[in-house]
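A closer look at the structure
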Amino acid sequence: MRREEIIKALEADDFSEYYNLARDLTRKHKGNEILIRAIIEYSSFCVRACAYCGLNCFNDKATRYRMTEKEIIETAFNAINVGYKTIVLQGGEDPLFIDGEILANVTYKIKSNFPDVAVTISAGELSDEVIKKIRDAGANRYLLRHETSDRENYKKLHPDSCFEDRYRKLKVIKKLGYETGSGFMVGLPNQSIESIADDLLVLKGLECEMAGMGPFISHPETSLANCENGSAEMTLRCVAIARILLPDANLPVTTAVGVLNSEMRQRAFLNGANVIMRKVNPEVYKKAYELYPGDLGETNLKKERMDLEKMIRSVGLIPV
Ligand code: SAH
């Protein structure tokens, strides 16, 4: 799809032709399987000032915590024991993690005990050397959303960085042999439909192996507290177009979609998405990792996984 067609599709009254195409491509390229990933949010400390994020360094109301290396490893092993085959390690840009030592050690520990389990890193813009060090320790994938392709809006939302740096980092990640994931938020303040089309084309340009698209959700302790949330429907349209552009990619139905409307998750699975992530943090560290407000139930690793599997089976698909 070209830019003009993407814009027209995103704005169309009737999107069903694209949903149908996305569904057919998903079944053809990804089968009937939905991949379930475990995500461990190891630190809520962050030096960055991302305007939308509840963990940005100016939010002095945020609860800050960091897990120890031992706790992260234990949490990963617990998740693997109940059936998870991918561990995603996500955190703010915490000075204590910036040298990659802990992430490399955790990765090595997981991979040497469970060679078939994949490790995904989502730790922001670490230095090229550190990203390589973690790759050398065995990490398989790296998630780094480009957030928005609108350079001006990017600068407004991230006064401490720029789109070009983020994009260059994605290229480094790809070159190091990581399966590379980018993505963006839908419904950011001042975001145009044209820039969403460009976001989708950025995913294509990078030939991403993974892409996460989630609605912007306003956090009350940020400068965007009074802005409207993004639309779940528009997000699903973006996932469908991403499937058409990148038929082999792994595309999650993001947590933010589920926060806005949990039934949208089933719809996303029938219209292009083939991945879902589940927080597996120990209870004490769960609510504090608040990128955006959302209802979080109690942690029960086994039950939560079984509930997800049931939800996936209810639409005729196979949880993996
Ligand atoms: N520090 C890491 C992880 C960031 S959190 C990094 O920089 O990559 C993961 C993703 O959550 C972000 O990339 C962003 O797209 C999303 N996110 C953060 N705040 C959000 C909000 N208020 N609404 C929706 N998504 C948000």
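Regarding the side chain of Glu93
Here Glu93 is to be found in the loop between strand E2 (86-91) and helix H4 (101-113). Among the polar contacts made by the side chain of Glu93, one reaches the side chain of Arg48 at a distance of 3.0 Å. Setting aside residues up to four positions removed in sequence, Glu93 forms contacts with Phe45, Cys46, Val47, Arg48, Ile98, Ala123, Gly124 and Glu125.

Observations concerning the site of the ligand
The environment of the ligand is formed by 16 residues, the closest being Tyr52, Gly91, Arg145, Glu147 and Ile217. Note that a nitrogen atom of the ligand is positioned 2.9 Å from one of the backbone N or O atoms of Gly91. Interatomic distance of 3.1 Å between a side-chain N/O atom of Arg166 and an oxygen atom of the ligand. When its residues are assigned to classes, the shell around the ligand shows nine nonpolar, four polar and three charged.

Considering the packing of aromatic side chains
Counted by the stated rule, this structure contains eight aromatic pairs. For the pair Phe77 and Phe114, a centre-to-centre distance of 5.1 Å together with 85° between the ring planes defines the contact as edge-to-face. Remark: Phe114 occurs in the loop between H4 and strand E3 (118-122) and Phe77 occurs in helix H3 (residues 69-81); sequence separation between them is 37 residues. Through a chain of ring-to-ring contacts, the aromatic side chains of Phe15, Tyr18 and Tyr19 assemble into a single cluster. A cation over an aromatic ring shows up here: Arg135 above the ring of Tyr178, its NZ or CZ 5.5 Å from the ring centre. Over the aromatic face of Tyr84 sits the side chain of Arg305, whose NZ or CZ is 4.8 Å from the ring centroid.

Focus: the environment of Ile34
Within the fold, Ile34 resides in strand E1 (residues 33-43). Classification of Ile34 by relative accessible area gives buried; the value is 0%. Considering only alpha carbons, one finds Ile34 and Ala49, 15 residues apart in sequence, at a separation of 34 Å. Contacts of Ile34, omitting those with residues within four sequence positions, involve Phe269, Ala273, Asn274, Val275, Ile276, Ile312, Leu317, Ile318, Pro319 and Val320.

Section: the nonpolar core
Counting residues in each nonpolar core, the largest one holds 98 residues, and the members touching the most others are Ile87, Leu89, Leu200 and Met213. With ten residues, the single largest contributor to this core is helix H9 (residues 232-245). Setting aside its immediate chain neighbours within four residues, Leu89 contacts Ile40, Tyr42, Ile72, Leu103, Val106, Thr107, Val119, Thr120, Ile121, Ser122 and Ala123.

Reading guide: rules and limits
- Each chain carries its own residue numbering, running from 1 in the direction its sequence is written.
- Residue-level local features of this predicted model are given only where pLDDT is at least 70; pairs of side-chain atoms are given and counted only at 80 or more, and the full residue set underlies all totals for whole chains, interfaces and linings.
- Excluding hydrogens and water, the side-chain values take into account all heavy atoms of the structure.
- Helix and strand definitions here come from DSSP, where helices need a minimum of 4 consecutive H or I residues and strands a minimum of 2 consecutive E residues; each element is numbered from the N-terminal end.
- Here a polar contact means two N or O atoms within 3.5 Å. Within protein one must be a hydrogen donor candidate and the other an acceptor candidate, and residues neighboring in sequence count only if both atoms are side-chain atoms.
- Contacts were defined at the residue level, with two residues in contact if any of their heavy atoms lie within 4.5 Å.
- Nearness of a residue to a molecule or strand requires only that one of the residue's heavy atoms be within 4 Å of it.
- Throughout this entry, Asp, Glu, Lys and Arg are counted as charged residues, while Ala, Val, Leu, Ile, Met, Phe, Trp, Tyr, Cys and Pro are counted as nonpolar. The remaining residues, Gly among them, count as polar.
- The criterion for an aromatic pair is that two Phe, Tyr or Trp rings (for Trp, the six-membered ring) have centres within 6.5 Å, with stacked assigned to planes under 30 degrees apart, edge-to-face to planes over 60 apart and tilted to the rest.
- Definition used: whenever NZ (Lys) or CZ (Arg) falls within 6 Å of the ring centre and also within 35 degrees of the ring normal, the charge is taken to sit over that ring.
- Under the scheme applied here, a residue whose accessible area is under 20% of the maximum for its type counts as buried, over 50% as exposed, and between as partly exposed, the area being computed with a 1.4 Å probe on protein chains only.
- Definition of nonpolar core: a set of buried residues of the types Ala, Val, Leu, Ile, Met, Phe, Trp, Tyr and Cys, connected through side-chain atoms within 4.5 Å.

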